[in-house]
Amino acid sequence: MKKNLISSYNEENDTFVGKIDGKNGYCADYGISEGVYLGVDKLNMPSFIFVSRASEVFNIPKDILESSNVKLIIECGEDILSLIMFIDNSKICSIKSKNNFGIPSINILRDSN
């Protein structure tokens, strides 16, 4: 499933946010890695990603995070949640965690273009 992604980076606070276009609000957010939070709606479907200290977490310069060419791949099975993020077609992070959050089996590409 492909969805539109609206991403923004706040250099002063060093925070990155990627929100699914058309989704409003969230029911819960889960820390899936240090500094990386995944928000879900009331159906437990991912609706946003929030990263505090983004340049430090991703170990990249702040100017790269200002790009609007962002892609997120979220894959989830019964046991494992996987999030992969690309900026300007370069892999920025790959996170795998246990799916202790009740997120259903999904495979979603969220693209800012």
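Residues numbered from 1 in each chain as written. Predicted model: local features only at pLDDT ≥ 70, side-chain atom pairs only at ≥ 80, totals over all residues. Heavy atoms only, no water.

**Student:** Explain the overall build of the chain to me, please; I cannot follow it from the model alone.
**Tutor:** Looking only at helices and strands, one finds two helices and nine strands in the chain. Along its sequence from the N terminus, the chain presents helices and strands in the succession β-β-β-β-β-α-α-β-β-β-β. Here the C-alpha radius of gyration of the chain, 13 Å, is about what a compact globule of 113 residues would show, namely 13 Å. For the chain, the spread of C-alpha atoms along the three principal axes comes to 35 × 25 × 25 Å. Residues classed as buried in the chain amount to 44% of the 113 residues present. Put simply, 48% of the contacts in the chain that link residues at least 6 apart link residues at least 24 apart. (Helix = DSSP H or I, 4+ residues; strand = E, 2+ residues; numbered from the N terminus. Rg over C-alpha atoms; globule rule 2.2 N^0.38 Å. Buried < 20%, exposed > 50% of the residue type's maximum accessible area, 1.4 Å probe, protein only. Contact = heavy atoms within 4.5 Å.)

**Student:** Whenever I open this one, the pattern of salt bridges confuses me. Can you help?
**Tutor:** Working definition: two side chains of opposite charge can pair if their charged atoms are close together. Counted according to the given criterion, the structure contains two salt bridges. Of the charged contacts, one joins Glu 34 and Arg 53 as a salt bridge, the two residues approaching to 3.2 Å between their closest N and O atoms. Here Arg 53 lies in the loop between strand E5 (46-52) and helix H1 (54-58) and Glu 34 lies in the loop between strand E3 (28-33) and strand E4 (36-40), a separation of 19 residues in the sequence. Residue class for Arg 53 comes out partly exposed when judged on its relative accessible area of 32%. (Salt bridge = Lys/Arg side-chain N within 4 Å of Asp/Glu carboxyl O.)

**Student:** Mind showing me how you'd approach unusual backbone geometry here?
**Tutor:** For residues besides glycine, phi is generally negative; the peptide bonds are generally trans as well. Unlike most non-glycine residues, Arg 53 shows phi in positive territory, near 55°. Backbone geometry at Asn 59 places phi at a positive 55°, although glycine is not the residue there. Mapped onto the fold, Asn 59 is located in the loop between H1 and helix H2 (62-65). With a relative accessible area of 69%, Asn 59 lands in the exposed category.

**Student:** Sorry, what's going on with the confidence of the model for the chain here?
**Tutor:** Predicted coordinates in areas of low pLDDT are best not read in detail. Taken residue by residue, the chain gives an average pLDDT of 89. The fraction at 70 or more is 95%. By mean pLDDT, strand E9 (residues 106-111) is the weakest element of the chain at 80, and H1 is the strongest at 96. (pLDDT = per-residue confidence, 0-100.)

**Student:** How do you make sense of the environment of Gly 18 when you look at a structure like this?
**Tutor:** Counting through the fold element by element, Gly 18 comes out in strand E2 (residues 15-20). Between the C-alpha atom of Gly 18 and that of Val 70, which follows or precedes it by 52 residues, the distance is 8.6 Å. Setting aside residues no more than four positions away along its own chain, Gly 18 makes contact with Leu 5, Ile 6, Ser 7, Ser 47, Phe 48 and Ile 49.

**Student:** Sorry if this is basic, but what is going on with the environment of Ile 60 here?
**Tutor:** As for its placement among the helices and strands, Ile 60 is situated in the loop between H1 and H2. Ile 60 sits in the buried class, given a relative accessible area of 15%. Residues Ile 60 and Ile 92 lie 32 residues apart in sequence; the distance between their C-alpha atoms is 8.0 Å. Those residues in contact with Ile 60 that lie beyond four places of it in its chain are Ser 55, Leu 65, Ile 87 and Ile 92.

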